[in-house]
Amino acid sequence: MNAAELDAMLRQFLVDNKLSKAEQDALTAWVGKNIKSDHDRALARSRVFASARQAINDPIAQQVLLFVEDVLRAVVPMNPPVQSTAADEVFFSPGDGCLGCIVRRIRAARKTIDICVFTITDNRISDAILDAHHRGVKIRIVTDNDKAFDEGSDIFRFREAKIPVVVDETPYHMHHKFAIFDGVRLVNGSYNWTRGAADMNQENVVDSGDPVVIARFQGEFDQLWAKLAR
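Here the structure is a predicted model, which means the values were calculated and not measured. (Residues numbered from 1 in each chain as written. Predicted model: local features only at pLDDT ≥ 70, side-chain atom pairs only at ≥ 80, totals over all residues. Heavy atoms only, no water.)

**Notes on the side chain of S93**
Part 1: For S93, the location among the structural elements is in strand β1 (residues 89–93).
Part 2: Polar contacts involving the side chain of S93 include one to the main-chain carbonyl oxygen of N201, which spans 3.0 Å.
Part 3: Every residue in contact with S93, bar those within four places of it in the chain, is listed here: C98, Y191, A197, A198, N201, Q202 and E203. (Helix = DSSP H or I, 4+ residues; strand = E, 2+ residues; numbered from the N terminus. Polar contact = N/O pair within 3.5 Å; in protein donor to acceptor, adjacent residues only side chain to side chain. Contact = heavy atoms within 4.5 Å.)

**Some thoughts on the packing of helix α1 (residues 3–13) against helix α2 (residues 21–34)**
Part 1: At a closest axis distance of 11 Å, the pairing of α1 and α2 adopts a crossing angle of 170°. Of the possible angle classes, the one that applies to α1 and α2 is roughly antiparallel. Contacts from E5, L6, M9, Q12 and F13 in α1 reach E23, A26, L27, W30 and N34 in α2.
Part 2: Counted by class, the contact of α1 with α2 contains six nonpolar, two polar and two charged residues. (Axes fitted to C-alpha atoms, helices over the stretch in contact; angles between N-to-C directions. Parallel < 35°, antiparallel > 145°, perpendicular 65-115°, else oblique. Nonpolar A, V, L, I, M, F, W, Y, C, P; charged D, E, K, R; others polar.)

**Focus: the sheet that holds strand β5 (residues 177–181)**
Part 1: The seven strands lie next to each other as β1-β7-β6-β5-β2-β3-β4, forming an open sheet whose pairing is mixed. Edge positions in the open sheet fall to β1 and β4 (165–168), since each of these has one partner strand only. For this sheet the average axis-to-axis angle between neighbouring strands, irrespective of direction, equals 10°.
Part 2: Across five bridges, the pairing between strand β2 (residues 112–117) and strand β3 (residues 138–144) is parallel. The residue bridging I115 from the neighbouring strand is I141, located in β3.
Part 3: This element, helix α10 (residues 211–228), spans β2, β3, β4, β5, β6 (185–188) and β7 (203–208) of the sheet and lies at about 70° to β3. (Pairing = 2+ DSSP bridges.)

**With respect to the packing of aromatic side chains**
Part 1: Scanning the model with the defined rule gives two aromatic pairs in all.
Part 2: With centroids separated by 4.9 Å and ring planes inclined at 70°, the aromatic side chains of F178 and F217 adopt a geometry described as edge-to-face. One end of the pair, F178, is in strand β5; the other, F217, is in helix α10, with 39 residues separating them in the sequence.
Part 3: Look at F217 and you get partly exposed, because its relative accessible area is 21%. (Phe/Tyr/Trp six-rings, centres within 6.5 Å; stacked < 30°, edge-to-face > 60°. Buried < 20%, exposed > 50% of the residue type's maximum accessible area, 1.4 Å probe, protein only.)

**Observations concerning the pairing of β3**
As a general feature of sheets, a regular strand has side chains that alternate between the two faces.
Part 1: Counting buried positions along β3 yields five of seven residues, so the element is predominantly enclosed.
Part 2: As a crossover connection, the stretch from β2 through helix α6 (residues 123–134) into β3 is right-handed.
Part 3: Pairing between β3 and β4: four bridges, direction parallel. Bridge assignment links V142 to a residue of β4, and that residue is V166. (Right-handed = clockwise from strand over helix to strand, strands pointing away.)

**Let's talk about the pattern of salt bridges**
Side chains that carry opposite charge are capable of pairing whenever their charged atoms lie near each other.
Part 1: Using the criterion set out here, one finds eight salt bridges in the structure.
Part 2: Residue K21 pairs with D25 through a salt bridge whose shortest N-O separation is 3.0 Å. Taken together, the positions of K21 and D25, both in helix α2 and four residues apart, correspond to about one turn of that helix.
Part 3: We classify K21 as exposed; its relative accessible area is 55%.
Part 4: Overall, the relative accessible area of 39% leaves D25 in the partly exposed class.
Part 5: Linked by salt bridges that have partners in common, R105, R185 and D207 make up one network. (Salt bridge = Lys/Arg side-chain N within 4 Å of Asp/Glu carboxyl O.)

**Let's talk about the nonpolar core**
Part 1: Among the nonpolar cores identified, the biggest contains 34 residues, and I115, I129 and W193 are the most heavily contacted of them.
Part 2: Of all the elements in the fold, those that place two or more residues in this core are α5 (97–108), β2, α6, β3, α8 (155–160), β4, β5 and α9 (195–199).
Part 3: Here this core takes six residues from α5, the largest share from any one element.
Part 4: The contact partners of I129, leaving out residues within four places of it in the chain, are I106, I115, I120, I139, F158, I163 and W193.
Part 5: Core analysis: the second largest hydrophobic core is formed by 14 residues, L43, M174, L186 and I214 among them. (Core = buried A, V, L, I, M, F, W, Y, C linked by side-chain atoms within 4.5 Å.)

**What about the layout of surface pockets?**
Part 1: As a volume, the largest pocket reaches approximately 980 Å³.
Part 2: In terms of lining residues, the largest pocket is bounded by 30 residues, among which A3, A4, D7, R47 and R140 are the most central.
Part 3: Only α1, α3 (38–55), β2, β3 and α10 provide two or more residues apiece to the lining of the largest pocket.
Part 4: Per-element accounting of the lining of the largest pocket gives the leading share, nine residues, to α3. (1 Å grid on protein atoms, 1.4 Å probe; cavity = no way out; pocket = protein on both sides within 12 Å on 5 of 7 lines; lining within 4 Å. Points joined across faces, edges and corners; volume = space filled by probe spheres on them.)

These values are about where atoms sit, not about what they do.
Here it is as structure tokens:
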């Protein structure tokens, strides 16, 4: 699915907050070329809602739109129900399970990686990210300013390598720890991307292929990216 093309169309359509007949025809043509499965349909629907939320400045209206999205997902589910293309897996630390899962997903990525993580200090993960970048994977990173300057933080390594990074500069924490790989795999959990999390902490990671869940996380990532990249 050409998500970038869809996003560009939606931004253009939202200029006057109307969908003209010509725009409807263009959207129908795009759907015919790009939507091949319920997985594609779920991702496209999520991006439509994410684009609308970004265009709305009123926080209450944004919450109402999120409510509508959740209601539609419950009342008008995909038919047949969307099935994951691969089994979900769960990993715990201390130990190498969580670390290994993250590194494997980074190494397996071929097109895109969207990373939304509070802090990244484990060089084993950072090296895998840089290797992916050098082989042409498009990577975006969202992180928190309080941890960007910690000893061992690799955020500046990523910026020096020209990987796009945005930082939450607010007084509050951007405390997420998730990443989306090629738009079809999600790694999420309490696990901070640090050696302490691998060696000492009681942490968890869920590796999921559920397209509906992935679409929700992609919407959250895109919303944060748009807000922090301004």
